[in-house]
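Secondary and tertiary structure notes
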Amino acid sequence: MSQFKIPVHTVNSGILQENAIMLGEKSMKRLKIPSHGTLQLAFGSFRQEVTIISAPKSDILRVSEGLAQRTGWKHRQTLNVSYSSVSRTLRLGPLIGVLVSRDHPDNLDRLFGPITMFCRELTNACHTQGAYVYFFTPEALETRSSSIQGWVYNEGWRKMSLPIADVINNRLTTRKVENKPSVQHFLADVKSRYGTHFFNEKFLDKTEVFEALAQDPSLQRYLPESHALNGFAVMKKMCSHYPSVFLKPVRGSLGKGILRISKEEGGGYRLLSTTSIGTRKQSYTTLAKLYQSIAPKMKTTRYQIQQGLPLMELGRRPVDFRALVQKNGSGKWGVTSIVARTAGSNHFVSNLARGGSLSTVKEAVSKSSLPPGAKENVQLQLPRAALAIARGVETFIPAHFGELGIDLALDQSGRIWLLEVNSKPSKNDNTPLNDQKIRPSVKQMILYCRYLAGL
């Protein structure tokens, strides 16, 4: 099946009927389309039987204004095209939908809050790769329909009726919204009705990830000892085994709500907790008293208790590594980027939202006190670990993921440990955007969408 990019132009409906399209002779030959007759035009869930008219000395696909209005196509754009002689279907796209938590129509400069610039960047990248993207919120899902109200960017944001996408990327930021019946019904419906692919379809929680990965003996070396915190006995056992332990909200993100328990030199225990302005320190004479102080939190928040690690440090600040692992244009996992994150002053977690800073892996490792041999291996071993963990998540957790943020750490001997896997890697914690530059992560996402859609 031949496929390539083709310019699509809209012409006056008086020149071309809505049920006809005009295609250049060269393109018809490349696609092996018969020169007469009808075929089915497909764009996302949109289907229309059309008569095809051959145009000599042209490489352009021309459609009527009426047809363009029903598909959401602009006056001029470029789309990938393929033709199946078996089904007599001419497909254009892919049509990509991005499901976002909310929009702010009264503030178009920040229409989608902190991810607005990412949405613009994704739109620009789609233009160059022959794809078409729109953005929609759960409010658009209340009625069962073959179209949806979505936002597109064309010299400004516009809301319009569009077909259901070939591929949907879930960028919802809360579990509460993701679990809404309207969202879950929509996703099940479009998968069954249109074969829509939906990736990063659910949040991961920490207990689920560590229990799943523990099933693979080859991954166990990356896993610090970790348990669901379901009572004092578990905490007592972990604190007797390790100088420090971490309590992490099972469904937390951005370093929120993390607690660190360590033994104090003169006896007793110290509790560190993350706050917006720094680290809060409290001391307790016994572990039982410390447990009593956090017990109220456990009534509303489930925690994972995890072995504390003697992390590699820079200037006495702990360092970890965020690997962005994505599916590529062949449907295979690849490492797009790995950055080192150093904790901010007065913080014991490295998230940017908590004052952490970014650097390259090479820069961070070279300045560290790791043994020389370990420094040499890190550049190879970190991506290998990230890929192995991504494949493990895919194998043992029954959900479709196209990208994962994998947080890794090095201890002071250079051993690699897994801290966390995030199925909604942040799109607003990254380096400042340049209007002209499309990041590799955005290009990779579109290549994977093209792969899923067969375009």
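By the naming in an unreviewed UniProt entry, the protein chain goes by ATP-grasp domain-containing protein and is assigned to Paenibacillus odorifer.

**A word on the overall build of the protein chain**
Counting its secondary structure elements, the protein chain contains eleven helices and 25 strands. Projected onto the principal axes, the alpha-carbon positions of the protein chain cover approximately 90 × 50 × 40 Å. Buried positions account for 54% of the 455 residues belonging to the protein chain. Long-range pairs, those at least 24 residues apart, make up 67% of the contacts in the protein chain with a sequence separation of at least 6. Working note: accessible area of the protein chain is about 21200 Å², and carbon and sulfur atoms make up 49% of it. Side-chain charges of the protein chain comprise 61 positive and 34 negative groups, with the mean position of each set lying 2 Å from the other.

**Some remarks on the packing of helix α7 (residues 232–241) against helix α8 (residues 287–300)**
Between α7 and α8, the shortest axis-to-axis distance is 11 Å and the interhelical angle comes to 130°. The pairing of α7 with α8 is recorded here as oblique in orientation. The handedness of the crossing between α7 and α8 is right-handed. Contacts between α7 and α8 pair F232, M235, K236 and C239 from the former with L287, A288, L290, Y291 and I294 from the latter. Counted by class, the contact of α7 with α8 contains eight nonpolar, no polar and one charged residues.

**A few points about the nonpolar core**
Membership of the largest hydrophobic core comes to 44 residues, with the highest contact counts inside it found for I21 and W73. Ranked by residues supplied to this core, first place goes to helix α5 (residues 181–194) with four residues. Excluding residues within four positions of it along the chain, I21 makes contact with L16, L39, L41, V50, T51, I52, I53, L61, R62, V63, L67 and L90. Judged by nonpolar contacts, the second largest core, of 39 residues, contains V319, A323, A390 and L410.

**Concerning the pairing of strand β19 (residues 303–307)**
β19 sits mainly inside the fold: five of its five residues count as buried. As paired elements, strand β14 (residues 226–228) and β19 share three bridges and run antiparallel to each other. Each residue of the ladder has a partner; that of S226, found in β19, is Q306. The pairing of strand β15 (residues 244–249) with β19 spans five bridges and is classified as antiparallel. Bridged to P249 within β19 is Y303.

**A word on the sheet that holds strand β1 (residues 3–11)**
Reading around the barrel, the seven strands line up as β1-β5-β2-β4-β3-β7-β6 and close back on themselves, with mixed pairing between neighbours. Here the average twist between neighbouring strands, direction ignored, is 40°. As defined by bridge partners, β1 adjoins strand β6 (residues 76–84) across seven bridges and the pair is classed as antiparallel. In the sheet register, K5 faces β6, and the bridge partner there is N80.

Rules used in this analysis
- Residues numbered from 1 in each chain as written.
- Predicted model: local features only at pLDDT ≥ 70, side-chain atom pairs only at ≥ 80, totals over all residues.
- Heavy atoms only, no water.
- Helix = DSSP H or I, 4+ residues; strand = E, 2+ residues; numbered from the N terminus.
- Buried < 20%, exposed > 50% of the residue type's maximum accessible area, 1.4 Å probe, protein only.
- Contact = heavy atoms within 4.5 Å.
- Areas by Shrake-Rupley, 256 points an atom, 1.4 Å probe, with all protein chains shown as cover.
- Lys, Arg positive; Asp, Glu negative; His and termini not counted.
- Charge placed at Lys NZ, Arg CZ, Asp CG, Glu CD.
- Axes fitted to C-alpha atoms, helices over the stretch in contact; angles between N-to-C directions.
- Parallel < 35°, antiparallel > 145°, perpendicular 65-115°, else oblique.
- Left-handed = near helix turned anticlockwise from the far one by under 90°.
- Nonpolar A, V, L, I, M, F, W, Y, C, P; charged D, E, K, R; others polar.
- Core = buried A, V, L, I, M, F, W, Y, C linked by side-chain atoms within 4.5 Å.
- Pairing = 2+ DSSP bridges.

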